[in-house]
Amino acid sequence: MPPLDPNDFLSQPDPFTDVPPDHRSGFVAVVGRPNVGKSTLMNAMLGQKVAIVSPRPQTTRNRIAGILTREDCQIVFIDTPGIHKPKHKLGEFMVDEARKALPDADLALWVVDVSKAPRRDDERVAAVLRDQPLPVILAMNKIDITPPDRLLEHAEAYRALVPGVVEDIAVSALKRQGVDALVDVIREHLPPGPRYYPPDQVSDIQERFLAAELIREKALLYLQEEVPHAVAVDLQEFEARESGVIYIFARIFVERESQKGILIGKGGQMIKRIGAEARKEIEAALGRKVYLDLRVKVKPKWRRNPAELRRLGYA
Ligand SMILES: Nc1nc2c(ncn2[C@@H]2O[C@H](COP(=O)(O)OP(=O)(O)OP(=O)(O)O)[C@@H](O)[C@H]2O)c(=O)[nH]1
Ligand SMILES: [Mg+2]
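Conventions and cut-offs
- Residues numbered from 1 in each chain as written.
- Chains lettered and ligands numbered in written order.
- Predicted model: local features only at pLDDT ≥ 70, side-chain atom pairs only at ≥ 80, totals over all residues.
- Heavy atoms only, no water.
- Near = heavy atom within 4 Å.
- Polar contact = N/O pair within 3.5 Å; in protein donor to acceptor, adjacent residues only side chain to side chain.
- Areas by Shrake-Rupley, 256 points an atom, 1.4 Å probe, with all protein chains shown as cover.
- Helix = DSSP H or I, 4+ residues; strand = E, 2+ residues; numbered from the N terminus.
- Contact = heavy atoms within 4.5 Å.
- Pairing = 2+ DSSP bridges.
- Right-handed = clockwise from strand over helix to strand, strands pointing away.
- Axes fitted to C-alpha atoms, helices over the stretch in contact; angles between N-to-C directions.

Draft legend 1. Layout of the site of ligand 1. As a matter of local geometry, ligand 1 sits amid 23 residues, with Lys38, Thr40, Gln58, Thr59 and Asp144 nearest to it. Contact between ligand 1 and serine 172: an oxygen atom at 3.1 Å from a side-chain N or O atom of the residue. Leucine 174 has a polar backbone atom sitting 3.2 Å from an oxygen atom of ligand 1. Notes on ligand 1: free accessible area 650 Å², of which the protein chains cover 90%.

Draft legend 2. Structural view of the side chain of serine 115. With respect to the helices and strands, the residue serine 115 is situated in the loop between β4 (107-113) and α4 (120-130). Looking at serine 115, its side chain comes within polar contact range of the side chain of aspartate 113, at 2.6 Å. With residues up to four places along the chain from it excluded, the contact list for serine 115 reads Asn141, Lys142, Ile145, Thr146 and His154.

Draft legend 3. View of the pairing of strand β6 (residues 165-170). Looking at chain direction, strand β5 (residues 136-141) and β6 are connected through 5 bridges and run parallel. Among the inter-strand pairings, alanine 139 is bridged to a residue of β6, identified as isoleucine 169. Of the crossover connections in this fold, the one passing from β5 over helix α5 (residues 148-161) to the parallel β6 is right-handed.

Draft legend 4. Molecular detail of the sheet that holds strand β8 (residues 246-254). Spatially, the 3 strands line up as an open sheet ordered β7-β8-β9, and their pairing is mixed. Unpaired on one side and paired on the other, β7 (232-240) and β9 (290-298) mark the two borders of the sheet. Each strand axis lies, on average, 15° off the axis of its neighbour in the sheet, ignoring direction. Sheet analysis places β8 next to β9, joined by 9 bridges and oriented parallel.

Listed below in structure tokens is the structure:
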């Protein structure tokens, strides 16, 4: 074998620093009240589903990084739980998670549902944003369901809440309208800098976490009323079998017997449906066959129990 030539080695491109001179990078905290479309918007900007999404408020419970790498920038989005008035320890953890994203960020992306006038929880978010030094970009989401006259009126009302808003832009995360323009605007407000992550890394989450979240997403989608909020997914086994199949065993927690009945459904129909839908999406995400084993367990008041919360990753 010929001796190694150090020049060969040095000429290898470095994916972190080998970027154009106008390259920019930074961390963007995605904040807002529950259900405005923060996770949908982050996924749309990434072009890939990293965070789960549902029609129920308080879907996101942890901070989740989504990494967008372009030739001219790398943006690390931190999706956060919706800021609201907490009613239990889980809620306190969630709001805390959201607040913690701000001190390490270069920019706050404030997402609102512009089809609606600001609510109490939007004012809570505004108070948090006024209380910190970061520049704020206001993403006025859901323009696809906003009548034009409402857009102007509501935009004014949201802008008035946070003097630190440097830029606002109307988007539809669902219809992918204005999403690329939003990324361009965000880039302009980031400092020059290298890549922080390899260009092909889209998130910081683990496969286990993603599997548990996709199970929870399907439960949120099909359950009504107070049941979704009482659901936690306790992933107990995640194991690659010799056959190549990934075996996943998860317990779905609810707080009451009545909720267990709803989750299982008549003749087990509901839990079968949740399992089938979740399995399909986990298989697509992992690119492997999955055997999904779900059990429903009643854990009274787990949302108020510090030991359970810690075990579930909510502390
Ligand atoms: N019509 C419309 N619906 C949207 C849009 N963006 C998101 N949604 C819907 O709004 C609901 C909430 O979306 P999420 O992305 O889960 O909202 P979130 O802000 O992350 O919510 P939390 O995690 O609970 O704080 C879902 O039903 C989405 O499909 C949009 O641009 N237009
Ligand atoms: Mg969310």
